[in-house]
Amino acid sequence: MDSRVTELFGGCCRPAGGGAGGALRGRGGAAPGGGGGSKTTKKKNGRSRGGKANNPPYLPPEAEDGNIEYKLKLVNPSQYRFEHLVTQMKWRLQEGRGEAVYQIGVEDNGLLVGLSEEEMRASLKTLRRMAEKVGADITVLREREVDYDSDVPRKITEVLVRKVPDNQQFLDLRVAVLGNVDSGKSTLLGVLTQGELDNGRGRARLNLFRHLHEIQSGRTSSISFEILGFNSKGEVVNYSDSRTAEEICESSSKMITFIDLAGHHKYLKTTIFGLTSYCPDFAMLVVSANTGIAGTTREHLGLAMALKVPFFIVISKVDLCSKATVERTVKQLERILKQPGCNKLPLLVNSDDDAVTAAQQFAQSPNITPIFTLSSVSGENLDLLKVFLNILPPLTNSKEQEELMQQLTEFQVDEIYTVPEVGTVVGGTLSSGICREGENLVVGPTDDGKFLRLKVCSIQRNRSACRVLRAGQAATLALGPFDRSLLRKGMVMVSPEMNPTICSVFEAEIVLLFHATTFRKGFQVTVHVGNVRQTAIVEKIHGKDKLRTGEKAVVRFRFIKHPEYLKIGAKLLFREGVTKGIGHVTDLQAITTKENGLEESLGPGQLSF
């Protein structure tokens, strides 16, 4: 971990090492569908056609778990066989939380056999009947020919099956948007979510800004959320054909929530808070083609790696540059991604086929980093990014989701509002369990370490009403007449049955990524652990008197203001000026239940609604 990110944080002044090399395109052939498009692959009618050289004869063998299913053929199955196939499709959809990918013309061991035109047509007809039976839609992602010296052309077809799970409104993915100031992050989000291209002067980003000074300066200083939907057929649903966010939610079976973060170094603490607190599934690093890797780009890349958030890269503003300049920026990124500090495999996306391969390989391998080159003004390659986002699968499967939902309720408080005629409203993410409308929870810790009783009056997700909130979902909860002054960011709302562990003193195993001199006892840093952000003082460095850049140690910290709710194993990131470090919590000096006043705060007459 330390070697991967030390150079990105502390080595910002050093030129990137490693060979330039061309982008990896479809290497390894491990992705479903034949491992992606090769540079020598010919295109015809939007479909990839190639011989043995471009289509490996095998895919990885079919896995029992997961949402990918291989089928050699589905021609005129018996009624019993059809019912079995439907049950199998339900299982794959459940594994993919509403999405499944079918490879038609492939044996269970991964051999690419292929089907004739007539057999493929009959198989797709059967697959469509199966999807109708379970209430799903199918979309053909791509077709490719396999060459076995046969007179009859044979091909395999990759099909996306999508259905909204019965127990939720839509499949939701969160994507944090990173990148240097003026790289075009907000403009790109405006184009994606509003459905209109930019005029070259930032018109598309105006609807995203939350403050007047952001509109005047053109720079994001706060965290904003934008949504992009896809219906069950894979078509884009945004504000161009829907007037409200509620309409987008109703029409979509998959929702991408973009977390627009600040690019300026002055707002770095806001960016870190967005990455640690909102638990993004993926990160999108936006790089301007004309300026390349500049400013906070390298630092944001380091943050994503330190927090183990899978990221892909979008090179924007290609309409302002010559082809040579864009290629130079791509090679610059490739050098950084391939160097030992990152150890990533860049995958340049130039076609729909590449976008499908990139989405599947990206979710399966943490080392793959797709790169898109596009323009928010001309719209060049914008559709490739939409194809990628449409197919991008969730990181957690249904089993992991079930395990989280069976735990006790825990909701992170990230935002606090007062809404007229509604009262106090908190925004955040449900880390575990299930939260229902009308449920009684406790919130804390307060400045004196207590937890207070409250009631959840109503729930909204993406600005639309919701009765039940499940683990991993972000939402806003209305708390009625609860006193807002008693709340702060970093609190948690938990089930009364949980005995929450709060502490002022904790230990963490850290790696010092960058420090100008030596890191000693008494040094003060701002600590980020999930939604917790507070200044802490270094009380002790175990086994050492001081730390230098790149060194590792177990350090005891003490929060200087009030206790916080922490968990052992939680990722930790700390900073102070140019000093930066990462690690994980190893030990807590917990304040006991009687000490933190939980019993008293739950007594009658204590803020009970």
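Calculation criteria
Residues numbered from 1 in each chain as written. Predicted model: local features only at pLDDT ≥ 70, side-chain atom pairs only at ≥ 80, totals over all residues. Heavy atoms only, no water. Helix = DSSP H or I, 4+ residues; strand = E, 2+ residues; numbered from the N terminus. Buried < 20%, exposed > 50% of the residue type's maximum accessible area, 1.4 Å probe, protein only. Contact = heavy atoms within 4.5 Å. Areas by Shrake-Rupley, 256 points an atom, 1.4 Å probe, with all protein chains shown as cover. Expected span 1.5 Å × (residues − 1). Pairing = 2+ DSSP bridges. Axes fitted to C-alpha atoms, helices over the stretch in contact; angles between N-to-C directions. Parallel < 35°, antiparallel > 145°, perpendicular 65-115°, else oblique. Nonpolar A, V, L, I, M, F, W, Y, C, P; charged D, E, K, R; others polar. Disulfide = S-S within 2.5 Å. pLDDT = per-residue confidence, 0-100. Phe/Tyr/Trp six-rings, centres within 6.5 Å; stacked < 30°, edge-to-face > 60°. Lys NZ or Arg CZ within 6 Å of the ring centre and 35° of its normal. Core = buried A, V, L, I, M, F, W, Y, C linked by side-chain atoms within 4.5 Å. Salt bridge = Lys/Arg side-chain N within 4 Å of Asp/Glu carboxyl O.

Asks: Looking at this model, I keep getting lost on the overall build of the protein. Mind explaining?
Replies: If you tally the helices and strands in the protein, you get 14 helices and 33 strands. When each of the 609 residues of the protein is scored for burial, the buried share is 56%. Considering only contacts within the protein whose residues lie at least 6 apart along the sequence, 73% involve residues at least 24 apart. Carbon and sulfur atoms form 48% of the exposed surface of the protein, whose accessible area is close to 25700 Å².

Asks: Honestly, helix α10 (residues 352–364) in this entry has me stumped. Any pointers?
Replies: Structurally, the α-helix is built with 3.6 residues per turn, so residues lying three or four positions apart point the same way. Relative to the 18 Å expected for 13 residues at 1.5 Å per residue, α10 spans 19 Å between its end C-alpha atoms, a close match to the ideal helical length. In terms of residue burial, α10 counts as a mostly covered element, since 10 of its 13 residues are buried. The complete set of buried residues in α10 reads Asp-353, Asp-354, Ala-355, Val-356, Thr-357, Ala-358, Ala-359, Gln-360, Gln-361 and Phe-362.

Asks: Is there a simple way to explain the pairing of strand β18 (residues 440–444) in this structure?
Replies: The side chains of a regular strand alternate between the sheet's two faces. Burial analysis of β18 places 4 of its 5 residues in the buried class, which makes it a mostly covered element. As judged from the 4 bridges shared by β18 and strand β19 (residues 452–455), these two strands associate in the antiparallel manner. Across the sheet, residue Asn-440 finds its bridge partner in β19, namely Lys-455. Where β18 and strand β24 (residues 492–494) come together, 3 bridges link them in antiparallel fashion. Bridge pairing in β24 links Val-442 to Val-494.

Asks: What is the right way to read the environment of Ala-283 from this model?
Replies: Tracing the backbone shows Ala-283 in strand β11 (residues 282–288). Sequence separation between Ala-283 and Ala-304 is 21 residues, and the spatial gap between their C-alpha atoms is 7.1 Å. In this structure Ala-283 touches Val-175, Ala-176, Leu-178, Val-309, Pro-310, Phe-311 and Phe-312, once residues within four positions along its chain are discounted.

Asks: Help me out: how do you make sense of helix α8 (residues 297–306) in this one?
Replies: Most of α8 sits out of view: 10 of its 10 residues are buried. Trailing α8 by a residue or two, Lys-308 shows a phi angle of about 55 degrees, which is positive.

Asks: Just checking my understanding: could you explain the sheet that holds strand β21 (residues 464–466) for this structure?
Replies: Across a sheet, strands are paired by hydrogen bonds formed along the backbone, either parallel or antiparallel in direction. Across the sheet, which stays open at both edges, the 8 strands sit in the order β19-β18-β24-β15-β16-β23-β20-β21 with antiparallel pairing between neighbours. Every interior strand has two partners, whereas the edge strands, β19 and β21, have only one. Here the average twist between neighbouring strands, direction ignored, is 40 degrees.

Asks: I keep staring at the packing of helix α4 (residues 185–194) against helix α11 (residues 382–391) and nothing clicks. Help me out?
Replies: Helices that pack against each other are described as a pair by the angle of their axes relative to one another and the distance between those axes. Contact geometry of α4 with α11 gives a least axis separation of 12 Å together with a crossing angle of 75 degrees. Between α4 and α11, the crossing angle belongs to the class labelled roughly perpendicular. Between α4, through Leu-188, Val-191 and Leu-192, and α11, the contact on the second element is made entirely by Leu-382, Leu-385 and Lys-386. Residue classes in the contact of α4 with α11 are distributed as 5 nonpolar, no polar and 1 charged.

Asks: For this particular structure, what's the right way to read the state of the cysteines?
Replies: What is meant by a disulfide is a covalent connection between two cysteines, made through their sulfur atoms. Under the counting rule described, the total for this entry stands at 0 disulfides. Here Cys-466 is not disulfide-linked; the sulfur of Cys-435 is the nearest cysteine sulfur, at 9.2 Å.

Asks: What is the right way to look at the confidence of the model for the protein in this model?
Replies: As a note on interpretation, predicted positions should not be read in detail where pLDDT is low. Mean pLDDT for the protein: 83, with 83% of residues reaching 70 or above. Note on residues 1–6: pLDDT under 50 across the span, and 20 contacts to partners over four residues away in sequence or across chains. This model gives residues 593–609 a pLDDT under 50, and the stretch forms 37 contacts once residues within four places in sequence are excluded.

Asks: For this particular structure, what's the right way to read the sheet that holds strand β8 (residues 224–230)?
Replies: The 8 strands lie next to each other as β9-β8-β10-β7-β11-β12-β14-β13, forming an open sheet whose pairing is mixed. Only two strands of the sheet have a single partner each, and these edge strands are β9 (236–237) and β13 (345–348).

Asks: For this particular structure, what's the right way to read the packing of aromatic side chains?
Replies: How two aromatic rings sit relative to each other is given by the distance of their centres and the angle of their planes. Scanning the entire structure with this criterion turns up 13 aromatic pairs. Between Phe-225 and Tyr-278 the ring centres are 5.0 Å apart and the planes differ by 75 degrees, which places this aromatic pair in the edge-to-face class. Here Phe-225, found in strand β8, pairs with Tyr-278, found in the loop between α7 (268–277) and β11; they are 53 residues apart in sequence, far enough to count as distant. If you follow Arg-129 out to its NZ or CZ, it ends over the ring of Phe-82, 4.3 Å from the centre. Seen from the ring of Phe-273, Arg-533 lies directly overhead, with NZ or CZ sitting 4.8 Å from the centre.

Asks: Explanation requested: the pairing of strand β28 (residues 532–541) in the structure shown.
Replies: Sheet topology places strand β27 (residues 524–529) next to β28; 6 bridges connect them, and they run antiparallel. Looking at the pairing, Gln-524 lines up with Ile-537 of β28. Where β27 hands over to β28, the hairpin turn is made up of 2 residues, of which Gly-530 adopts a positive phi near 60 degrees. Here 5 bridges tie β28 to strand β30 (residues 552–559), and the two strands are oriented antiparallel to one another. Paired with Ala-536 across the strands is Phe-559, a residue of β30.

Asks: For this particular structure, what's the right way to read the nonpolar core?
Replies: Where a protein is soluble and globular, its nonpolar side chains tend to be buried together. Counting residues in hydrophobic clusters, the biggest one holds 43 residues, and the most contacted among them are Phe-258, Met-284, Phe-312, Leu-385 and Phe-388. The dominant element in this core, judged by the number of residues it contributes, is α11, at 6 residues. When sequence neighbours within four positions are dropped, the list of residues in contact with Phe-312 reads Val-175, Phe-282, Ala-283, Met-284, Leu-285, Phe-362, Thr-369, Pro-370, Phe-372, Leu-385, Phe-388 and Leu-389.

Asks: Looking at this structure, how should I read unusual backbone geometry?
Replies: Across residues other than glycine, the phi torsion is negative in most instances, and most of the peptide bonds are trans. Gly-444 connects to Pro-445 through a cis peptide bond whose omega is -5 degrees. Mapped onto the elements of the fold, Pro-445 is located in the loop between β18 and β19. Of note in the backbone geometry, Glu-421 takes a positive phi value of approximately 65 degrees without being a glycine. When you line up the elements, Glu-421 lands in the loop between β15 (410–419) and β16 (423–432).

Asks: I'm lost on the environment of Gln-103 in this one. Help?
Replies: Relative to the helices and strands, Gln-103 is located in strand β4 (residues 99–104). Judged by its relative accessible area of 1%, Gln-103 falls in the buried class. When the C-alpha atoms of Gln-103 and Lys-73 are compared, they prove to be 9.7 Å apart, with 30 residues separating the residues in sequence.

Asks: Would you mind going over the pattern of salt bridges with me for this structure?
Replies: Any two side chains of opposite charge can pair, on the condition that their charged atoms come close. Tallied over the entire structure, the rule returns 21 salt bridges. Here Lys-254 and Glu-99 are joined by a salt bridge, their closest N and O atoms 3.4 Å apart. Placement of the pair is Lys-254 in strand β10 (residues 254–260) and Glu-99 in strand β4, with a sequence separation of 155 residues. As far as burial versus exposure is concerned, Lys-254 and Glu-99 are alike and both buried. Residues Lys-567 and Glu-410 are paired through a salt bridge, measuring 2.9 Å at the closest nitrogen-oxygen approach. Of this pair, Lys-567 sits in the loop between β31 (564–565) and β32 (571–576) while Glu-410 sits in strand β15, and the two are 157 residues apart along the sequence. Judged by relative accessible area, Glu-410 falls into the buried class, the value being 5%. Residues participating in the shared-partner salt-bridge network are Glu-62, Glu-69, Lys-71 and Arg-92.

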